[in-house]
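Coordinate analysis (summary)
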Amino acid sequence: MQHQIPGAWRRTAAGAGLLRPDGSVGSTIFAEMSALAASTGAINLGQGFPDEDGPAEVLEAAREAIARGENQYPPGIGILDLREAISEHQRRFYGLEIDPATQVVVTAGATEALAAALLALIDSPDDEVVVFEPYYDSYAACVALSGARLRTVPLRWPDFQPDPDELATVVNDRTRVILVNNPHNPTGAVFDHAVLEEIVRLAHAHDAVILTDEVYEHLSFGAPHTPVATLPGAWERTLTVSSGGKTFRTTGWKTGWITGPAELVAAVNTVKQYLTFTSGSPFQPAIAVGLRLPDAFFTGLADELRRKSDILGDGLRAAGLAVSPPRGSYFTLADAASLGATDADDFCRGALAEAGVVGVPITAFVTPERRADYATFIRFAACKRVEVLGEAAARLASLAR
Ligand code: PMP
Ligand code: GLN
């Protein structure tokens, strides 16, 4: 669906590269692809959401909270039980000490945490936000809303690790925020330790804040996840964002959080209180239950998704696509150039029509200037049942014939 859009959002959309040549803006790529999948009955490997429920204890805790009458506004910064559970989680997995009173705010998903942080940190149109490209789609839109300039560091096939020298040329004294996403959507990359160290070094050298989106923190396939905030010298200038959506298969609950030094978290909350004020009262105690589940639950998550990513990867390769093996996240990137495609958008529409499988063209995650560099890449979500992935692979195989 196309809409003509009014006023300030038109400028924002233009700044984020979201405006079409005719002045219209469509829905997000995820909404568009999910609607196409639903209307055609295709298998949806586009939007990243699981097709199975998460842990029964977590679901039951939300039902109990509703029954107990926890249905009115919770405190703006989130209920104490959840803030304590987040603090315990950060200590248990990463050795980080978070004061539940001042160093954490619960948000309406990671999305609100990111938006509030960018709006809070940007002071002037000369401020710059550095992101790694391709990037999760809300980053460019929120940077544009904040009024800052978007600067990007490209991630390249096949391993999508940033080049530290390139990063050093982009970060400068106008850089207000370095926005990191690790494990990375849409590429499935997990940044090397040396890259994280370079990000911290540059943030110090140019007095920038690190805003790190770690929603896939429990979906790192190799070594355990390393939060940027645990690196020497990082904590004092790092805001860490996460969410219960991926970890507990509750993407529709939109319960996220942001942690960091009290002054930075207070600045974020100043904005957050006028965005949503608060959200999800019965979901907050339920996510607290989830965060306190035993270690085995969390390690099992990564193992399961790695197995699913392997099945998806094998299927994509059997269909003739080149595959970049993911090191984390829900996603696997494929290159349709190996099947003679020159445009992933066309390929995805063809795959939908001919094979009944939906993927997302990576051009939805890049600036207009870099579209050509990513023209043939497609993101597929592996967070689906094994039989669904198997059926998708079988259908895609028909494209190679
Ligand atoms: N950041 C990244 C990298 C994501 O992939 C997503 C959604 N999948 C989000 C943020 C949004 O998280 P939430 O649904 O908790 O707002
Ligand atoms: N984060 C999910 C993805 O990358 C989608 C979220 C959305 O629909 N905005 O697929």
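Quick note: structure is the one above.
As the structure is a computational prediction, the values presented were derived from the model and not from experiment.

The rules behind these values
- Residues numbered from 1 in each chain as written.
- Chains lettered and ligands numbered in written order.
- Predicted model: local features only at pLDDT ≥ 70, side-chain atom pairs only at ≥ 80, totals over all residues.
- Heavy atoms only, no water.
- Helix = DSSP H or I, 4+ residues; strand = E, 2+ residues; numbered from the N terminus.
- Buried < 20%, exposed > 50% of the residue type's maximum accessible area, 1.4 Å probe, protein only.
- Contact = heavy atoms within 4.5 Å.
- Lys, Arg positive; Asp, Glu negative; His and termini not counted.
- Charge placed at Lys NZ, Arg CZ, Asp CG, Glu CD.
- Near = heavy atom within 4 Å.
- Polar contact = N/O pair within 3.5 Å; in protein donor to acceptor, adjacent residues only side chain to side chain.
- Areas by Shrake-Rupley, 256 points an atom, 1.4 Å probe, with all protein chains shown as cover.
- Nonpolar A, V, L, I, M, F, W, Y, C, P; charged D, E, K, R; others polar.
- Pairing = 2+ DSSP bridges.
- Right-handed = clockwise from strand over helix to strand, strands pointing away.
- Salt bridge = Lys/Arg side-chain N within 4 Å of Asp/Glu carboxyl O.
- Phe/Tyr/Trp six-rings, centres within 6.5 Å; stacked < 30°, edge-to-face > 60°.
- Patch = residues over 30% accessible without salt bridge, like charges linked within 9 Å, V, L, I, M, F, W, Y side chains within 5 Å.
- Expected span 1.5 Å × (residues − 1).
- Arc of directions from axis to C-beta.

1. Observations concerning the overall build of the protein
From N to C terminus, the protein includes 14 helices and 15 strands. By principal-axis analysis of the C-alpha atoms, the protein measures approximately 60 × 50 × 45 Å. Expressed as a percentage of the 401 residues in the protein, the buried residues total 57%. By sequence separation, contacts in the protein at least 24 residues apart represent 74% of the contacts at least 6 residues apart. Distance between charge centroids for the protein: 3 Å, based on 33 positive and 49 negative side chains.

2. Some remarks on the site of ligand 1
In the vicinity of ligand 1 lie 13 residues, with T111, D213, Y216, S243 and K246 positioned nearest. In this structure, an oxygen atom belonging to ligand 1 sits 2.5 Å away from a side-chain N or O atom of T111. Within the contact set of ligand 1, an oxygen atom lies 2.6 Å away from a side-chain nitrogen or oxygen of Y216. Considered on its own, ligand 1 offers 400 Å² of accessible surface; in the complex 94% of this is hidden by protein. Considering every element that reaches the shell around ligand 1, the biggest residue donor is helix α5 (residues 109-121), with 3 residues. Of the residues in the shell around ligand 1, the class split is 5 nonpolar, 5 polar and 3 charged.

3. Structural notes on the pairing of strand β5 (residues 128-133)
Of all 6 residues in β5, 6 are buried, a share of seventy percent or more. With burial as the criterion, each face of β5 is covered, one bearing E128, V130 and F132 and the other bearing V129, V131 and E133. As judged from the 6 bridges shared by β5 and strand β6 (residues 149-154), these two strands associate in the parallel manner. Pairing of E128 across the sheet is with R149, part of β6. Note on the crossover from β5 through helix α6 (residues 137-146) to β6: the handedness is right-handed. Bridge count for β5 against strand β7 (residues 175-181) is 4 bridges, and the pairing is parallel.

4. Some points on the pattern of salt bridges
All chains considered together, the criterion is met by 24 salt bridges. The partner of E166 in a salt bridge is R156, and the shortest N-O contact between them spans 2.9 Å. Here E166 is found in helix α7 (residues 164-170), whereas its partner R156 is found in the loop between β6 and α7, with 10 residues between them in sequence. The exposure class assigned to R156 is partly exposed, which follows from its relative accessible area of 45%.

5. Observations regarding the site of ligand 2
Residues in contact with ligand 2, as listed here, are F30, Q47, G48, Y136, N185, K246, F331 and R379. G48 places a main-chain nitrogen or oxygen 2.6 Å from an oxygen atom of ligand 2. One nitrogen or oxygen atom from the side chain of R379 is found 2.7 Å from an oxygen atom belonging to ligand 2.

6. As for the packing of aromatic side chains
Scanning the entire structure with this criterion turns up 16 aromatic pairs. When the centroid spacing of 6.3 Å and the interplanar angle of 85 degrees are considered together, the rings of F160 and F377 count as edge-to-face. Of this pair, F160 sits in the loop between β6 and α7 while F377 is found in strand β15 (residues 377-381), placing the two residues 217 residues apart along the sequence. We classify F160 as buried; its relative accessible area is 0%. For the pair Y216 and Y330, a centre-to-centre distance of 5.4 Å together with 65 degrees between the ring planes defines the contact as edge-to-face.

7. Comments concerning the pairing of β15
Most of β15 sits out of view: 5 of its 5 residues are buried. With burial as the criterion, each face of β15 is covered, one bearing F377, R379 and A381 and the other bearing I378 and F380.

8. Quick notes on a nonpolar patch on the surface
On the surface, L119, L145 and L275 cluster together to form a nonpolar patch covering roughly 240 Å² of accessible area. Positionally, L119 belongs in helix α5. Judged by relative accessible area, L119 falls into the partly exposed class, the value being 32%.

9. Re the side chain of Q90
Inspection of the secondary structure puts Q90 in helix α4 (residues 80-94). Aside from chain neighbours lying at most four places away, what touches Q90 is G95, L96, I98, E217 and T259.

10. Focus: helix α14 (residues 386-400)
With 15 residues, α14 should cover 21 Å at 1.5 Å per step; its first-to-last C-alpha distance of 22 Å lies within 8% of that length. The complete set of buried residues in α14 reads V388, L389, A392, A393, L396 and L399. An end-on view of α14 places all buried positions within 135 degrees of arc, on one side of the element. Contacts made by the buried residues of α14 are with β3 (43-44), α12 (295-318), α13 (344-355), β13 (357-358) and β15.

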